[in-house]
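Residues per chain are reported as follows:
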Number of protein chains: 2
Amino acid sequence: MRYLTKENCQTCKLKCDIFFTAREMGIEAELAPEHVVYKKHELICRQNAEVTHAIILIEGNAKMYIDGMNNKNIILNILLPSNYIGLLSIYGSTTYAYNVAALNECRTCHADINLLKKLYYENHNFLLKLNSAFGNSVNNIMQKLISLNQKQIRGKVAESLLYLAQLYDANTFELTITRKELGELSAISEENAVRVLTEFKNEGIIGLEGKEISLKMPDLLKKISAFG
Amino acid sequence: MRYLTKENCQTCKLKCDIFFTAREMGIEAELAPEHVVYKKHELICRQNAEVTHAIILIEGNAKMYIDGMNNKNIILNILLPSNYIGLLSIYGSTTYAYNVAALNECRTCHADINLLKKLYYENHNFLLKLNSAFGNSVNNIMQKLISLNQKQIRGKVAESLLYLAQLYDANTFELTITRKELGELSAISEENAVRVLTEFKNEGIIGLEGKEISLKMPDLLKKISAFG
DNA sequence: GCGCAACATTGATGCACAACAACTTTTTTC
DNA sequence: GAAAAAAGTTGTTGTGCATCAATGTTGCGC
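Residues numbered from 1 in each chain as written. Chains lettered and ligands numbered in written order. Predicted model: local features only at pLDDT ≥ 70, side-chain atom pairs only at ≥ 80, totals over all residues. Heavy atoms only, no water.

Visitor: I'm lost on the overall build of chain A in this one. Help?
Guide: A count of helices and strands for chain A gives 9 helices and 12 strands. Its C-alpha atoms give chain A a radius of gyration of 19 Å, within 12% of the compact-globule value 17 Å for 228 residues. Along the three orthogonal principal directions, the C-alpha set of chain A runs to about 60 × 35 × 35 Å. Counting all 228 residues of chain A, 54% fall into the buried class. Approximately 10400 Å² of chain A is accessible, and the part contributed by carbon and sulfur atoms is 47%. Charged side chains of chain A number 26 positive and 25 negative; the gap between the two group centres comes to 4 Å. (Helix = DSSP H or I, 4+ residues; strand = E, 2+ residues; numbered from the N terminus. Rg over C-alpha atoms; globule rule 2.2 N^0.38 Å. Buried < 20%, exposed > 50% of the residue type's maximum accessible area, 1.4 Å probe, protein only. Areas by Shrake-Rupley, 256 points an atom, 1.4 Å probe, with all protein chains shown as cover. Lys, Arg positive; Asp, Glu negative; His and termini not counted. Charge placed at Lys NZ, Arg CZ, Asp CG, Glu CD.)

Spelled out as structure tokens, the structure:
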């Protein structure tokens, strides 16, 4: 983890909603955002820690996950640039309900949480925009609840693969997560994640070349996901 | 399901936040809320249906649940008077992400969703209050995710019992839900819900008298819940 | 470029739980 | 208040998956 001087962060100004809104409201000067670079595997925020900043992911991929029991995690989401980190913990509680860790080198923009509050207390559109993103996250989690509880491993892995394809908006993509993490995303063991992947490969449903995955029969995958 | 004339609903005026806010804003006249009585088992809102009204539970208990696969439901929450029904679906999407059904006779207050939007577009405090309830719901679901995925049946049932005790704010309470529903709340089969209950009774952890349940050793129950 | 650690793979074993079945008890309905 | 439906109970069986184990492979630090 490494703090950047303000001059180093240009992309932030282009992607960060907080920045736009603060400027609109003429309180850009108060913003004084910090920009931070996290190395692969570093924790960006920790479950149960105080929420002191609004954090936006500017570059890189991160995983949002909860600590389960006996060292088993559940990955809720993969975060991409311009996503809020910790969005779901902005209102209700003052502590994070989950961890976020960098999957590769990540750059983030931190704004003091009190400034964020000021923004959404005083700027309606900003709050409404925040809420909309919020609502979507809730629907996601809901979907995950069903899936993790009632599908079996093939269905779960199929769903995860479709999720990733949709996330990266491509049927062929680099798998940024390990097999263990694919397991955590699907709430199954690492071993079974591997097993299902090779099954799918042998059945011609997906292609596997090193880190690259291609969904060759996405429709069949959807069926497998839908019927468990 | 039966519509009430406005004169019939007095409690609503005492409990309904929407009512207060509308009055505060001087648009009480626009409110024109509908008051509805649902019989036991009736659906108050249906998954995937359009969200046309903000609904507040005035009297009775309801269950919020998602349709799983092969007719297996997952109960997310039990709703009590003055809870918003469908709170989680107010922002993001235009359709409900879950069902709500009456556990006994329920009375609700319906306000047009556009009025609700008007309220929270124009009244900041109202929106913030809404958001706070929202945040809590999210934390609940999160907790459920862990629990349903990683605890085993004794832990799951223990958690459900503690949840109910906290909900009704009493260590002895009437079990308004059936064993099947206790199973759905804990994401286990009905049969195992029964089995665990009798186990707990035989071990002296709980008392069972008809519909009445009493937590005799809540601390032990907490341990069982915590360690799965 | 060597050595160690993280990641990946495959097979074998055990067990927790769902599903089934058969039955009793309670509640609802007309 | 009788018949039907819903809810509750207990024992048994089968299986999907986690876990363990052993080994191969890749990547990274120095």
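Visitor: So what exactly am I meant to see when it comes to the protein's contact with DNA strand C here?
Guide: With respect to spatial proximity, 18 residues lie near DNA strand C, and among them Arg179 and Arg195 of chain A together with Gln152, Ile153 and Asn192 of chain B are the closest. Put simply, 63% of the atoms of DNA strand C that lie within 4 Å of the protein are in sugar or phosphate. Arg179 of chain A is positioned with one of its side-chain polar atoms (N or O) 2.7 Å from a phosphate oxygen of DNA strand C. Take Arg195 of chain A: an N or O atom from its side chain is 3.0 Å from a base nitrogen of DNA strand C. The dominant element in the surface near DNA strand C, judged by the number of residues it contributes, is helix H8 (residues 190–202) of chain A, at 5 residues. Tallied by class, residues from the surface near DNA strand C come to 4 nonpolar, 6 polar and 8 charged. (Near = heavy atom within 4 Å. Polar contact = N/O pair within 3.5 Å; in protein donor to acceptor, adjacent residues only side chain to side chain. Nonpolar A, V, L, I, M, F, W, Y, C, P; charged D, E, K, R; others polar.)

Visitor: Would you explain the protein's contact with DNA strand D in this entry?
Guide: DNA strand D sits among 17 residues. The nearest are Gln152, Ile153 and Asn192 of chain A together with Arg179 and Arg195 of chain B. Backbone atoms, meaning sugar and phosphate, make up 54% of the atoms of DNA strand D lying within 4 Å of the protein. Residue Glu191 of chain A places a side-chain N or O atom 3.1 Å away from a base nitrogen belonging to DNA strand D. Of all the elements in the fold, those that place two or more residues in the surface near DNA strand D are H8 of chain A together with helix H8 (190–202) of chain B. Of the residues contributing to the surface near DNA strand D, the split by class is 4 nonpolar, 6 polar and 7 charged.

Visitor: What should I look at first to understand the relation of the copies chain B and chain A in this one?
Guide: With an RMSD of 0.1 Å, the fit of chain B onto chain A corresponds to turning through 180 degrees and sliding 0.0 Å along the axis. The superposition operator between the copies reduces to a two-fold rotation axis. When C-alpha positions in chain B are compared against the rotation axis, the closest is assigned to Leu145 of chain B, at 3.0 Å. (Least-squares fit on C-alpha atoms with pLDDT ≥ 70 in both.)

Visitor: Is there a simple way to think about the packing of aromatic side chains in this case?
Guide: Here a ring pair, both rings aromatic, is described through the centre-centre distance and the interplanar angle of the planes. All names here are of chain A. In the structure shown here, the tally under the stated rule is 4 aromatic pairs over all chains. Both rings, one in Tyr96 and one in Tyr98, keep their centres 6.4 Å apart while their planes meet at 55 degrees; by these two values the pair is tilted. The class for Tyr96 is buried, based on a relative accessible area of 5%. A relative accessible area of 0% places Tyr98 in the buried class. The residue whose ring lies beneath Lys63 is Tyr65, and the NZ or CZ to ring-centre distance is 5.0 Å. (Phe/Tyr/Trp six-rings, centres within 6.5 Å; stacked < 30°, edge-to-face > 60°. Lys NZ or Arg CZ within 6 Å of the ring centre and 35° of its normal.)

Visitor: For this particular structure, what's the right way to read the nonpolar core?
Guide: As a rule of thumb, soluble globular proteins bury nonpolar side chains together. By size, the foremost hydrophobic cluster in this structure holds 101 residues, and its most contacted members are Ile18, Ile44, Tyr98 and Val100 of chain A together with Ile18, Ile44 and Val100 of chain B. For Ile44 of chain B, the contacting residues outside a window of four places in its chain are Tyr38, Ile55, Ala62, Ile85, Val100, Ala101, Ala102, Cys106 and Thr108 of chain B. (Core = buried A, V, L, I, M, F, W, Y, C linked by side-chain atoms within 4.5 Å. Contact = heavy atoms within 4.5 Å.)

Visitor: Sorry, what's going on with the interface of chain B and chain A here?
Guide: It is common to report an interface's size as the accessible area lost on association of the parts. In this assembly, 40 residues from chain B lie in contact with 40 residues from chain A. Interface area for chain B against chain A, summed over the two sides, is near 3300 Å², with a carbon-plus-sulfur share of 72%. The interface formed by chain B and chain A includes 0 salt bridges. Between the two partners, chain B and chain A, sit 3 residue pairs in polar contact (both at pLDDT 80 or more). Secondary-structure elements contributing two or more residues to the side of chain B that touches chain A are strand E5 (62–67), strand E6 (73–79), helix H4 (113–122) and helix H5 (124–150) of chain B. Ranked by residue count, the leading element in the side of chain B that touches chain A is H5 of chain B, at 17 residues. For the side of chain B that touches chain A, the residue count by class is 22 nonpolar, 14 polar and 4 charged. (Buried area = accessible area lost by both parts, 1.4 Å probe. Salt bridge = Lys/Arg side-chain N within 4 Å of Asp/Glu carboxyl O.)

Visitor: Just checking my understanding: could you explain the sheet that holds strand E6 (residues 73–79) of chain A for this structure?
Guide: Across a sheet, paired strands are connected by hydrogen bonds in the backbone, their directions being either parallel or antiparallel. Residue and element names in this part refer to chain A. With respect to topology, 4 strands assemble into an open sheet ordered E3-E8-E5-E6, the strand pairing being antiparallel. Strand pairing shows two members of the sheet lacking a second neighbour, strand E3 (43–45) and E6, which therefore form its edges. Geometrically, the sheet is characterised by an average inter-axis angle of 35 degrees between neighbouring strands, direction not taken into account. Two strands pair when backbone bridges link them, and E3 and strand E8 (residues 99–102) are joined in this way by 2 bridges, in the antiparallel orientation. Bridge pairing links Cys45 to Val100 in E8. Along the sheet, helix H7 (residues 179–186) contacts strand E5 (62–67) and E6; its crossing angle with E6, the most-contacted strand, is approximately 95 degrees. (Pairing = 2+ DSSP bridges. Axes fitted to C-alpha atoms, helices over the stretch in contact; angles between N-to-C directions.)

Visitor: Quick question: what am I supposed to make of the pattern of salt bridges here?
Guide: Between side chains of opposite charge, a pair can form when the charged atoms approach closely. Under the counting rule described, the total for this entry stands at 13 salt bridges over all chains. A salt bridge links Lys63 of chain A to Glu181 of chain A; the shortest N-O distance between them is 2.8 Å. Placement of the pair is Lys63 of chain A in strand E5 and Glu181 of chain A in helix H7, with a sequence separation of 118 residues. On the basis of relative accessible area, Glu181 of chain A is assigned to the buried category, the value being 9%. For Lys180 of chain B, the salt bridge goes to Glu184 of chain B, with nearest N and O atoms at 3.8 Å. With Lys180 of chain B and Glu184 of chain B both in helix H7 (residues 179–186) and 4 residues apart, the pair spans about one turn of that helix. The class of Lys180 of chain B is partly exposed, set by a relative accessible area of 46%.

So far we have only geometry, and geometry alone does not tell us how the molecule works.
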